[in-house]
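Single-letter residue listing:
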Amino acid sequence: MEKIFLVTMLYDFYGELLTSKQKAAFEKHYLEDLSFNEIGAEQGTTRQAVMDMVKRSEKLLSQYEEKLHLVDKFTSRKEKVKQIQKELDKLPKDDFIVSERICLIEKMLSEILD
């Protein structure tokens, strides 16, 4: 399960760098949950050819991440935003102005994650 999450996260960040054939095979396998046999039959190729293409795509996505670290940076920022939100939750919200400011900051943090 963790591998699928990581690979699809890599695809979210770097998928546009794959060829259209690589994207199609990857999406059918990971997003539509089709087997290599099903994809091969649909595309008029062998199971092995599809499997090789998907594995090559996974390797490419990993190589992009090794060089660019976009997923790592995103994950790190997401954790920091969560920590900030926890700290904001600890602040007293008795004062209307403070409460209003906290809501504004929480909204901005939420936008960062989106």
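Structural notes, computed from the coordinates.

Structural notes on the packing of aromatic side chains
Reasoning step 1: Under the definition given, this model contains 5 aromatic pairs.
Reasoning step 2: On the basis of an interplanar angle of 45° and a centroid distance of 6.4 Å, the ring pair of Phe13 and Tyr14 is categorised as tilted.
Reasoning step 3: Among the residues examined, Tyr14 registers a relative accessible area of 1% and is labelled buried.
Reasoning step 4: In textbook terms, an aromatic cluster arises when at least three aromatic residues are bridged by ring pairs, as seen for Phe13, Tyr14, Tyr64 and Phe74.

Remarks on the nonpolar core
The nonpolar side chains of a soluble globular protein tend to be buried, and buried together.
Reasoning step 1: Within the largest apolar cluster, 17 residues are counted, with the highest numbers of intra-cluster contacts made by Phe26, Val54 and Leu61.
Reasoning step 2: Of all the secondary structure elements, the ones that give two or more residues to this core are α1 (2–14), α2 (20–31), α3 (36–43) and α4 (47–68).
Reasoning step 3: Of all the elements, α1 adds the most residues to this core, at 5 residues.

Some words on the packing of α2 against α4
Reasoning step 1: Packing of α2 against α4 brings their axes to within 9 Å, and their N-to-C directions diverge by 100°. The angle between α2 and α4 falls in the class roughly perpendicular. In this structure, α2 contributes Lys21, Gln22, Ala25, Phe26, His29 and Tyr30 to the contact, and α4 contributes Met53, Val54, Ser57, Glu58, Leu60 and Leu61.

Examining the side chain of His29
Reasoning step 1: With respect to the helices, strands and loops of the structure, His29 is situated in helix α2.
Reasoning step 2: Judged by its relative accessible area of 18%, His29 is buried.
Reasoning step 3: Those residues in contact with His29 that sit more than four places away from it in its chain are Leu34, Phe36, Ile39 and Val54.

A short note on the side chain of Lys23
Reasoning step 1: Note that Lys23 resides in helix α2.
Reasoning step 2: Within the local environment of Lys23, its side chain forms a polar contact with the side chain of Glu16, the two groups lying 3.3 Å apart.
Reasoning step 3: Residues within four places of Lys23 in sequence aside, it is in contact with Tyr11, Gly15, Glu16 and Leu18.

Calculation criteria
Residues numbered from 1 in each chain as written. Predicted model: local features only at pLDDT ≥ 70, side-chain atom pairs only at ≥ 80, totals over all residues. Heavy atoms only, no water. Phe/Tyr/Trp six-rings, centres within 6.5 Å; stacked < 30°, edge-to-face > 60°. Buried < 20%, exposed > 50% of the residue type's maximum accessible area, 1.4 Å probe, protein only. Core = buried A, V, L, I, M, F, W, Y, C linked by side-chain atoms within 4.5 Å. Helix = DSSP H or I, 4+ residues; strand = E, 2+ residues; numbered from the N terminus. Axes fitted to C-alpha atoms, helices over the stretch in contact; angles between N-to-C directions. Parallel < 35°, antiparallel > 145°, perpendicular 65-115°, else oblique. Contact = heavy atoms within 4.5 Å. Polar contact = N/O pair within 3.5 Å; in protein donor to acceptor, adjacent residues only side chain to side chain.

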